[in-house]
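Reading the structure
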Amino acid sequence: MAFALKAPATSSAATTTSLPDVQEKVEAIVADIRARGDQAVREYSAKFDNWQPESFRLSAAQIEEIVSRVPRQVIADIEFVQQQVRSFAERQLASMQEFEVETLPGVHLGQKHIPVAAAGAYVPGGRYPLLASAHMTILTAKTAGVPRVVACTPPIRGAVPDATVAAMHLAGADEIYLLGGVQAVVSMALGTETIAPVDMLAGPGNAFVAEAKRQLFGEIGIDLFAGPTEVLIVADETADPFVVAVDLLSQAEHGPDSPAVLITTSEELGRSVVEHVDGLLPEMPTRDNAEPAWRDHGEVHVVESLDAAYELADTYASEHVQILTAQPREALAKMRNYGALFLGEGTCVSYGDKVIGTNHVLPTRGAARYTGGLWVGKYLKTVTYQEVTDPASSAKLGEVCGRAARVELFEGHARSGDVRAAKFGGAQLPWAPDAFARS
């Protein structure tokens, strides 16, 4: 019989919509930048980041100097990780096939993939400078073939985030701006006097950045509607409870509203995990985030079987799902709803976040029920085309089009079919009998 060893203290429903004050503040900033452009951007940057340089855009010389300050080992690690991300993204791109097929004599239908003309990448800063987001957004866009990628990251307490800028540059950003928050997102989306607009935006951020992307969606494309980071672990009696506890807290440290869920077939394991978490938290440097996340959003469920565990896990549609069982690959066949799956003790969510090569921009708040995460395909428009070179086929299609459109009462559509049936097949044209009269 299933039961909860630990239930969340706070309902996750409280975090699934934008708070009214956040929404209102973002609306005001969007409207102001839309009206006043660079002047408004500069004022918000000074207000929120105490940052108002002569130009927010970094020159090639500035980038070169910044990169030169980054320790060699950090550069080497960035290059290693970016190669992993690039390699996987290239395989994704190769899996997307263009084709053309002749469905009837002279009827050619095709599909092709066109990169968006310009993409914006937001790389968060602040307390946690997420330079890995540069790999996931900029590099993925460039691999997809996007010709212009604009990247923004905020200064950190008035200083240039050297490693983040290096990651953005090495990932292939065409323009790099030291600009953060809502003002950065809106500038890329709408454009200003000095920043040309982009067609889509990607990248994580705080509640204000996420709300700005939500409000701008429609005018531009976005990667995902982002929420707090989530982790869910499915474990059986073979799992190491200490490893499970460490992995739960690795994601809880993202923020005080980050859900961390364990579903296990072993009550003994579940209780041991709770004990380990309680023992690890007091000395954890990021305790101020991890502790309230575990207290308010941590869950431990005990179920009768792994099938029941997978079924329950699917109802969460969690961003990250980690499988710590004797046969972890079973989850590939058993589970349907997740942003990314981490199979076995040899991998972990942190690998996906930082180093392994799959994209870490993933669906949250149940969105994994209907979408996956960021990938090269997000930067590509899959479009179709058609050509009819055989007159008889065009005439035949015209006859069917005329009948089909009139069933739906679309006379204009029907007439487009009629004229081709008449011109290419000699059919009668009662509504314009002299249209194709021969002299």
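See the structure shown above.
Anyway, here's the lowdown on the structure attached to this text. Residue numbers run consecutively from 1 along every chain, following the written order of its sequence. It should be noted that, the model being predicted, local features are given only for residues of pLDDT at least 70 and side-chain atom pairs only at 80 or more, the latter also being counted only at that level, while totals for whole chains, interfaces and linings use all residues. Water and hydrogen atoms play no part in the side-chain values, which are based on all heavy atoms of the structure.

Let us now look at the overall build of the chain. Counting its secondary structure elements, the chain contains 16 helices and 14 strands. By its C-alpha atoms, the chain is 95 × 65 × 45 Å across when sized along the principal axes. Pairs of residues are marked as contacts when any of their non-hydrogen atoms sit within 4.5 Å. If you take every contact in the chain between residues at least 6 apart in sequence, the share linking residues at least 24 apart comes to 71%. Working note: accessible area of the chain is about 21400 Å², and carbon and sulfur atoms make up 53% of it. A run of H or I in DSSP counts as a helix once it spans at least four residues, and a run of E counts as a strand once it spans at least two, with each numbered from the N terminus. Note on areas: Shrake-Rupley, 1.4 Å probe, and residue coverage restricted to the protein chains presented here.

Okay, the sheet that holds strand 9 (residues 231-235) next. The pairing criterion is simple: DSSP has to find at least two bridges between the two strands. The sheet built from six strands is open, its strands ordered 1-11-10-9-12-13 with mixed pairing. Two strands bound the open sheet, and with one partner strand each, they are strand 1 (3-6) and strand 13 (340-343). Neighbour-to-neighbour, the strand axes of this sheet turn through a mean angle of 20 degrees, independent of strand direction. Inspection of the sheet shows strand 9 paired to strand 10 (residues 260-264) by five bridges, in the parallel sense. Counterpart to valine 234 in the pairing with strand 10 is isoleucine 263. Across the face of the sheet, helix 11 (residues 287-297) comes into contact with strand 1, strand 10 and strand 11 (298-302) while running at roughly 45 degrees to strand 11. Here an axis means a line fitted to C-alpha atoms, over the contact stretch when the element is a helix, while the angle between two N-to-C directions is reported on a 0 to 180 degree scale.

Quick look at the packing of helix 5 (residues 132-144) against helix 6 (residues 162-171) now. Direction vectors running N to C along helix 5 and helix 6 enclose 15 degrees, while the axes themselves pass 8 Å from each other. Here helix 5 is positioned roughly parallel relative to helix 6, judged by the angle of their axes. Crossing geometry of helix 5 relative to helix 6 is assigned as right-handed. Residue-level inspection shows Ala134, His135, Ile138, Leu139 and Lys142 of helix 5 in contact with helix 6, the latter providing Ala167, Met168 and Ala171. In these notes the angle categories are as follows: under 35 degrees is roughly parallel, over 145 is roughly antiparallel, 65 to 115 is roughly perpendicular, and the rest is oblique. Whether a crossing is left-handed or right-handed is set by the direction in which the near helix is turned from the far one by less than a right angle, anticlockwise for left-handed and clockwise for right-handed.

By size, the foremost hydrophobic cluster in this structure holds 71 residues, and its most contacted members are Ile138, Leu179, Leu216 and Tyr379. It is helix 7 (residues 181-190) that provides the largest number of residues to this core, a total of seven residues. Those residues in contact with tyrosine 379, other than ones at most four positions away along the chain, are Ile114, Pro115, Val116, Ala119, Thr137, Thr140, Ala141, Ala144, Val146, Met200, Ala202 and Leu374. In terms of nonpolar packing, the next biggest core, distinct from the first, is built from 25 residues, Ala239, Ala252, Ala260 and Trp294 among them. We call a set of buried residues a nonpolar core when its members are Ala, Val, Leu, Ile, Met, Phe, Trp, Tyr or Cys and they connect through side-chain atoms within 4.5 Å of each other. The buried label goes to any residue with under 20% of its type's maximum accessible area, the exposed label to any with over 50%, and the partly exposed label to all in between, with areas taken from a 1.4 Å probe on protein chains only.

Here the focus is the pairing of strand 6 (residues 175-178). Side chains of strand 6 alternate between two faces, with Glu175 and Tyr177 and Ile176 and Leu178 buried alike. Here four bridges tie strand 5 (residues 148-153) to strand 6, and the two strands are oriented parallel to one another. Bridging across to strand 6, cysteine 152 finds its partner in tyrosine 177. Viewed with both strands pointing away, a crossover whose connecting path from the first strand over the helix to the second turns clockwise is right-handed. With helix 6 bridging strand 5 and the parallel strand 6, this β-α-β connection has right-handed handedness.

Only Phe, Tyr and Trp rings take part, Trp by its six-membered ring, and two of them pair if their centres are within 6.5 Å. Stacked means planes under 30 degrees apart, edge-to-face means over 60, and tilted covers everything else. Tallied over the entire structure, the rule returns two aromatic pairs. Look at phenylalanine 217 and phenylalanine 225: their rings are 5.4 Å apart centre to centre, the planes differ by 85 degrees, and that puts the pair in the edge-to-face class. A residue is classified by how much of its surface remains accessible, and phenylalanine 217, at 45% relative accessible area, is partly exposed.

What follows deals with helix 15 (residues 391-407). With 17 residues, helix 15 extends 25 Å between its outermost C-alpha atoms, agreeing within 8% with the 24 Å of an ideal straight helix rising 1.5 Å per residue. Turning to helix 15, its buried residues are Ser393, Ser394, Ala395, Gly398, Gly402 and Ala405. Packing partners of the buried residues in helix 15 comprise strand 2 (99-104), strand 3 (107-115), strand 14 (380-388) and helix 16 (411-425). Polar contacts, as used here, are pairs of N or O atoms within 3.5 Å; protein pairs need one atom able to donate a hydrogen and one able to accept it. Residues neighboring in sequence count only if both atoms are side-chain atoms. At the N-terminal boundary of helix 15, the capping side chain belongs to aspartate 390, with an oxygen 3.0 Å from the backbone nitrogen of alanine 392. Looking one or two residues past helix 15, leucine 409 carries a phi angle of roughly 65 degrees, positive in sign. A helix is expected to span 1.5 Å for every residue after the first.

The N-to-C vectors of helix 9 (residues 241-252) and helix 11 enclose an angle of 110 degrees; their axes lie 8 Å apart at closest approach. Classed by the angle they form, the pair helix 9 and helix 11 counts as roughly perpendicular. In contact with Leu248, Leu249 and Ala252 of helix 9, helix 11 contributes Asn289, Ala290, Ala293 and Trp294. Residues of the contact of helix 9 with helix 11, tallied by class, amount to six nonpolar, one polar and no charged. Asp, Glu, Lys and Arg are counted as charged, while Ala, Val, Leu, Ile, Met, Phe, Trp, Tyr, Cys and Pro are counted as nonpolar; the rest, among them Gly, fall into the polar class.

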